[in-house]
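Residue-level listing of the chains:
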Amino acid sequence: MEAWLYETMPDQKVRCLLCSHQCVIGNHKRGICGVRENCDGVLETKVYGRLIAAGDDPIEKKPLFHVLPGSRSFSIATVGCNFKCRFCQNADIAQMPADRDGMVAGDPGTPQQVVAAAKQRQCATIAYTYTEPTVFFEFACDTAELAHANGIKNVFVTNGFMSDAALMRIHPFLDAANVDLKAYTDDFYKKLCGARLAPVKATLRRMKELGIWVEVTTLVIPGLNDDPDELGQLAAFIATALGTETPWHVSRFHPTYRLLDRKATPVETLLKARDIGIAAGLKYVYTGNIPGQGGEDTLCPGCGQTVIARRGFQITSKLMEAGRCRNCGATIDGIGM
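Orientation of helix α7 (residues 228-242) relative to helix α8 (residues 267-279), taken along the N-to-C sense of each, is 40 degrees, at an axis distance of 9 Å. When the interaxial angle is binned, α7 and α8 end up oblique. Of the two elements, α7 crosses α8, and the hand of that crossing is right-handed. Taking contact as the criterion, the partners of Pro228, Leu231, Gly232 and Ala235 in α7 are, on α8, Ala273, Ile276 and Gly277. When grouped by side-chain class, the residues that make up the contact of α7 with α8 number five nonpolar, two polar and no charged.

Laid out in structure tokens, this is it:
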């Protein structure tokens, strides 16, 4: 189908306006994401209704710890991504090339079917995740609008590289997002992701302005983005630009895809990153991929009481009600806490 958010140019070229790459695409060529093609001067999306993944997950897996804790989220994806991360955790689908005939993988699906499946499985949200939801934007938007009409919330798990025009288009139906803030240097973004830092920061600020609940994830990679000074700058950005109520998830890296020359992140590095976030004034800092360390628990910012205890993606105890700590009555920020 014809894509949204593009402009025509001379010589049958088009400029895609969906993300911050702003790809200029020649006739019969595709943009960086590999799933949007110029067909005689008309930009087409090749992934509308072609789902490569669909199923329900704990909302904590996104990770979103402050959105309806303990609920299920119906999660969907198509192939494709506008980043080329050397450490991609879902490279088998995010970086999946088209076949020799230019076709992309995926099973047919409609927004109506996705919403119906979410309702059948009693999911409180639909998550656009696994790959980059920006590249299947049209399908995400149509599904999100229908979901809202059926009382289901929508969440993006995203690299944050979408254009402001795209964000403005979907924001009435987008309740929350977990945004990867992969590092705090442009050099990291350019060399390891094929992107830039500034547009991600702009998206984060814009989401907060629009009232979208935001949580931030940083995959901490030894020797690449684990410098304490850099982590301090990143945490300070979250605290000052987004607000101290913004949860920050610092997650453990494991060697994968094209980044196999690094060891897994030491546990002490993540614990230090958590301390850095707390020192920056952040109320909620979590460690990921190291279950059982206690860094997955939500602590009351008022009294320090554990109000939600977790192990992995499961809640083991909850000492709060109506969004407040049972011990001191302090508000726990989020949606449906």
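Turning next to the sheet that holds strand β18 (residues 314-318). The strands making up a sheet are joined through hydrogen bonds of the backbone, oriented either antiparallel or parallel. Within the open sheet, the three strands sit side by side as β16-β17-β18. Their pairing is antiparallel. Because the sheet does not close on itself, it has two edges, and the strands there are β16 (298-299) and β18. In this sheet, β18 lies alongside strand β17 (residues 306-311) in antiparallel orientation, the contact comprising four bridges. Across the sheet, the residue bridging to alanine 309 is serine 317, located in β18.

In this section: the packing of aromatic side chains. Enumeration over the complete set of coordinates arrives at nine aromatic pairs. Ring centres 5.2 Å apart and planes at 70 degrees place the aromatic pair phenylalanine 83 and phenylalanine 161 in the edge-to-face group. Taken together, the positions of phenylalanine 83 in the loop between β8 (72-77) and α1 (91-94) and phenylalanine 161 in the loop between β11 (153-158) and α4 (164-170) put the pair 78 residues apart, joining distant regions of the chain. Residue phenylalanine 83 shares its accessibility class with phenylalanine 161, and that shared class is buried. Aromatic side chains tyrosine 184 and phenylalanine 237 sit 5.9 Å apart centroid to centroid with 40 degrees between the ring planes, which places their arrangement in the tilted category. Placement of tyrosine 184 in the loop between β12 (176-180) and α5 (186-193) and of phenylalanine 237 in helix α7 is noted, with a sequence separation of 53 residues between them. Among the aromatic residues, ring-to-ring pairing joins Phe83, Phe87, Phe161, Phe188 and Tyr189 into one connected group. Here arginine 169 stacks its cationic end above the ring of tryptophan 4, 4.1 Å away from the centre of that ring. The ring of tryptophan 213 has lysine 208 lying over it, and the distance from NZ or CZ to the ring centre is 5.6 Å.

Let's shift gears to the environment of isoleucine 170. Mapping isoleucine 170 onto the fold places it in helix α4. By relative accessible area, isoleucine 170 is classed as buried at 0%. Excluding its chain neighbours within four sequence positions, the residues that come into contact with isoleucine 170 are Phe137, Ala140, Cys141 and Phe156.

What counts and how
Residues numbered from 1 in each chain as written. Predicted model: local features only at pLDDT ≥ 70, side-chain atom pairs only at ≥ 80, totals over all residues. Heavy atoms only, no water. Axes fitted to C-alpha atoms, helices over the stretch in contact; angles between N-to-C directions. Helix = DSSP H or I, 4+ residues; strand = E, 2+ residues; numbered from the N terminus. Parallel < 35°, antiparallel > 145°, perpendicular 65-115°, else oblique. Left-handed = near helix turned anticlockwise from the far one by under 90°. Contact = heavy atoms within 4.5 Å. Nonpolar A, V, L, I, M, F, W, Y, C, P; charged D, E, K, R; others polar. Pairing = 2+ DSSP bridges. Phe/Tyr/Trp six-rings, centres within 6.5 Å; stacked < 30°, edge-to-face > 60°. Buried < 20%, exposed > 50% of the residue type's maximum accessible area, 1.4 Å probe, protein only. Lys NZ or Arg CZ within 6 Å of the ring centre and 35° of its normal.

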